[in-house]
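Close look at the chain arrangement
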Amino acid sequence: MKALTPRLVLAICLFTMYSTHVSAQHTTENSGKISPAVVEKILNTDPFEFILIMKTQADLGAASEIHGKEAKGKFVYETLASFAENSQKDLKLQLENDQVYFKSFWVTNAILVKGDAILLNKLAERTDVLKIVANSTIHKVDVVSSIPDFNRDVTIPWGIDSIHAPAVWALGYQGQGAVVGGEDTGYEWEHPAIKNQYRGWDGASVDHNYNWHDAIHAVDWHNDYDNPCGLNLQAPCDDYGHGTHTMGTMVGKEGDIEIGVAPQAKWIGERNMERGWGNLASYLESFEWFIAPTDLSNENPDPAQAPHVINNSWYCAVEEGCDPTNFSLMEEVVNNVKASGIVVVASAGNDGPACNTIMFPPALFENSFTIGAVDFLMDAASFSSRGNTQVNGIELIKPNVSAPGVDVLSSIPGDQYAYFSGTSMAGPHVAGTVALMISANPSLAGEVDLIENILEETAQPAFTFDGCGDDVSTSLPNNTFGFGIIDAFAAVQKSLLATATSAPVDPSYIRVSISPDLNQVIVQILRSNETGVFQLYNLMGQKSKDLILQPGSNSIHLSSLTGGVYLYRVNSGNKVVSGKLLKQ
């Protein structure tokens, strides 16, 4: 146990004396509710911020029985919002009468309050308040190294190639139909590598409603000059450069510079850090917005606008004010975001190679999909944090999987590019892969457990002698790599096979039927002026057939094929139909 500092001892003494004077009857009960981090702030004479965690939380158990991203998201949003509104009604009335600043949250049932010790003690007496925690500081996952790129001699970075993303593109799946979200230091949305993928840009005009949110409303105390982007932004801006780099790895493409895993996915974003620093309130605000994005006036929330996956390349550390009293609040938020059908990708951290270094939210939570980093030799990066983790007395093997995170080429502000290293760079590879999977099989949208299982099952196994947790040299998963290194091509193949039937066919364009003996495929192009292309691949990505289709009925014979599972793709006009067949 860490020894108390003189300052903290003094704070506790002052608070004890003050509480005794204000309400001797309830001091003991209140002190059990109030976290030590809040107690320490009582030394300040100015009002300070703290967060009230309500005693009751909404039950989202029914969400697991709902299928379909929009239906799941709608249920979670409406349940959380209505529960918070009803349970916070009396407390908000008291705060309004006391004329103090407060902000209500529904992503978890909590309220941010700015007040003094008198108000703190008064609120702690309420029976509907479970706990009072500090508005802690949140910090990004640091970039281990960065190298400006002045002489690019590659068009596809090694990381994109190593996870076999180009093989997925060759199948016709580049992220179209999927939406990725990022909460970071902001984004330079007009960078040519990510502009066309921004959901708010249609090629001629821009609309930031439902596509951008700024959770930064003041300059953080760590920074001593005005923010270069400003505050309460109505349009995306990156005040640090970190966010633009992570987004480039998810979706980036400029001409033949293909830096993104899913270059046809759309993206939306938030700023939850002020030059790399944030607080618990900005964290809550950001995740809340992703469940049900709003317009620029923070009105009219719409869960149908939510992303399929969120990248989180940041962490909240103890030395920055985040302590275990906040962990349950953060975990509740992550659980609720996942319940709404959104994959929560979290970087493991850069405190390796020691064991038990995945110790900060959100990476340490069970429902965060935690990502370690590897280098171009497919070895674990020396800085990549290792497991295992312990939350609420439960040990977890972490990370879940690993991805490229050393010398990753991506976009940075100023229309430039640079090589960054860190688990911050590994997470976006996984978020982009989720977009490819949903692009290939839209029915996966909202099925978070299934998506995560596929990523784990198709990862390239990687073993370790680190010996973290109970790991031995044959452990899989293990606390260094998780289940292994992601393989986007294998994940997409399994995603296509995950449906009971082939992908839906648009009857106004294409019909595909397979003969009972699996020796013939009939493809009908129903538009008289449209031709098409039929392509057939085995599970190694090797093309077996590539045929031009004419309007009308086309017969493709398969009798010469060897036995096995094949993936087919039909492209006609702007429609793509894909599916699988098993040749005996």
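A brief report on the enclosed structure follows.

Reading the values: rules and limits
Residues numbered from 1 in each chain as written. Predicted model: local features only at pLDDT ≥ 70, side-chain atom pairs only at ≥ 80, totals over all residues. Heavy atoms only, no water. Helix = DSSP H or I, 4+ residues; strand = E, 2+ residues; numbered from the N terminus. Buried < 20%, exposed > 50% of the residue type's maximum accessible area, 1.4 Å probe, protein only. Contact = heavy atoms within 4.5 Å. Areas by Shrake-Rupley, 256 points an atom, 1.4 Å probe, with all protein chains shown as cover. Pairing = 2+ DSSP bridges. Axes fitted to C-alpha atoms, helices over the stretch in contact; angles between N-to-C directions. Salt bridge = Lys/Arg side-chain N within 4 Å of Asp/Glu carboxyl O. Polar contact = N/O pair within 3.5 Å; in protein donor to acceptor, adjacent residues only side chain to side chain. Disulfide = S-S within 2.5 Å. Phe/Tyr/Trp six-rings, centres within 6.5 Å; stacked < 30°, edge-to-face > 60°. Lys NZ or Arg CZ within 6 Å of the ring centre and 35° of its normal.

Thoughts on the overall build of the protein
- On a plain count of helices and strands, the protein comes out with 14 helices and 26 strands.
- Going through the 584 residues of the protein one by one, you find that 56% of them count as buried.
- In the protein, 74% of the contacts between residues at least 6 apart in sequence involve partners at least 24 apart.
- Within the structure as shown, the protein displays about 23,400 Å² of accessible surface, and the carbon and sulfur contribution to it stands at 52%.

Things to note about the sheet that holds strand E4 (residues 129–134)
- Within the open sheet, the four strands sit side by side as E2-E3-E1-E4. Their pairing is antiparallel. Edge positions in the open sheet fall to strand E2 (101–105) and E4, since each of these has one partner strand only. Going across the sheet, the axis of each strand differs from the next one's by a mean of 25°, ignoring polarity.
- As judged from the five bridges shared by E2 and strand E3 (residues 110–115), these two strands associate in the antiparallel manner. Across the sheet, lysine 103 pairs through a bridge with leucine 112, a residue of E3.
- In this fold helix H10 (residues 280–291) packs onto strand E1 (48–54), E2, E3 and E4, with an angle of close to 40° to the strand it touches most, E2.
- Helix-sheet contacts for helix H11 (residues 324–339) involve E1, E3 and E4, and the interaxial angle to E4 is about 115°.

Points about the pattern of salt bridges
- As enumerated under the stated definition, the model contains 12 salt bridges in all.
- Here lysine 74 and glutamate 78 are joined by a salt bridge, their closest N and O atoms 2.9 Å apart. Separated by four residues within a single helix, lysine 74 and glutamate 78 lie in helix H4 (residues 69–87), roughly one turn from each other.
- Taking relative accessible area as the criterion, glutamate 78 reaches 38% and is therefore assigned partly exposed.
- For the salt bridge of glutamate 274 with arginine 275, the shortest nitrogen-to-oxygen distance reads 2.5 Å.
- One salt-bridge network, in which partners are shared between bridges, spans Asp214, Asp239 and Arg271.

Quick notes on the pairing of strand E21 (residues 520–525)
- Only one face of E21 is buried, namely the one carrying Val521, Val523 and Ile525, since none of Gln520, Ile522 and Gln524 on the opposite face is buried.
- The turn joining strand E20 (residues 510–514) and E21, which pair antiparallel and follow one another in sequence, is formed by five residues; a positive phi near 60° is taken by leucine 518.
- Pairing of E21 with strand E24 (residues 552–557), which is carried by six bridges, proceeds in the antiparallel orientation. Within the sheet, the bridge partner assigned to glutamine 520 lies in E24 and is histidine 557.

Section: helix H14 (residues 488–497)
- Within H14, eight of the 10 residues are buried, which leaves the element mostly enclosed by the surrounding structure.
- Taken as a whole, H14 has its buried residues at Ala488, Phe489, Ala490, Ala491, Val492, Gln493, Ser495 and Leu496.
- Buried residues along H14 sit in contact with helix H8 (165–170), helix H12 (423–440), helix H13 (448–458), strand E22 (532–538), strand E25 (564–572) and strand E26 (575–583).
- One side-chain oxygen of the residue at the start of H14 lies 3.1 Å from the amide nitrogen of phenylalanine 489, identifying that residue as aspartate 487.

Examining the state of the cysteines
- According to the stated counting rule, one finds two disulfides in the structure shown.
- Note on cysteine connectivity: cysteine 355 is disulfide-linked to cysteine 468, with sulfurs 2.1 Å apart. Taking the sign of the S-S torsion, -80° for the link of cysteine 355 and cysteine 468, the bridge is left-handed. With a gap of 113 residues between them, cysteine 355 in the loop between strand E13 (343–347) and strand E14 (369–374) and cysteine 468 in the loop between H13 and H14 connect regions that are remote in the sequence.
- Cysteine 468 gets classed as buried once you look at its relative accessible area, which sits at 0%.
- Look at the protein and number its bonded cysteines as they come in the sequence; the links are 1-2, 3-4.

Describing the side chain of serine 411
- Looking at where serine 411 falls in the secondary structure, it is placed in strand E18 (residues 408–412).
- The buried category is assigned to serine 411, whose relative accessible area is 0%.
- A polar atom in the side chain of serine 411 sits 3.0 Å from the backbone oxygen of threonine 244.
- Setting aside anything within four residues of it in sequence, one finds serine 411 in contact with His191, Ala193, Ile194, Thr244, His245, Gly248, Ile259, Gln416 and Tyr417.

Quick notes on the sheet that holds strand E19 (residues 416–421)
- Judged by pairing direction, the sheet is antiparallel, and its three strands sit side by side in the order E6-E19-E18 without closing on themselves. On the outer flanks of this sheet lie strand E6 (145–148) and E18, each paired with one strand and no other. If you compare each strand with its neighbour and ignore which way they point, the axes differ by 35° on average.
- Across four bridges, the pairing between E6 and E19 is antiparallel. In the strand pairing of E19, serine 145 is matched with serine 421.
- Lying over the sheet, helix H9 (residues 242–251) contacts E18 and E19, oriented at roughly 120° with respect to E18.

Some details on the packing of aromatic side chains
- All told, the structure shown has 11 aromatic pairs when counted by the stated rule.
- Taken together, the ring pairs in this structure connect Tyr187, Trp189, Tyr198, Trp201 and Trp267 into an aromatic cluster.
- One residue, lysine 195, lies across the ring of tryptophan 201, its end atom 4.3 Å from the ring centre.
- The ring centre of tyrosine 225 lies 4.5 Å from the NZ or CZ of arginine 275, which sits over that ring.

Remarks on H9
- Across the 10 residues that make up H9, a large majority, 10, are buried.
- Those residues of H9 that fall on the buried side of the exposure criterion are His242, Gly243, Thr244, His245, Thr246, Met247, Gly248, Thr249, Met250 and Val251.

Overview of unusual backbone geometry
- Put simply, glycine 352 and proline 353 share a cis peptide bond, and its omega is 10°.
- Along the chain, glycine 387 connects to asparagine 388 via a cis peptide bond; the corresponding omega equals 5°.
- Along the chain, asparagine 388 falls in the loop between E14 and strand E15 (389–391).
- The phi dihedral of asparagine 300 is positive, around 55°, even though this residue is not glycine.

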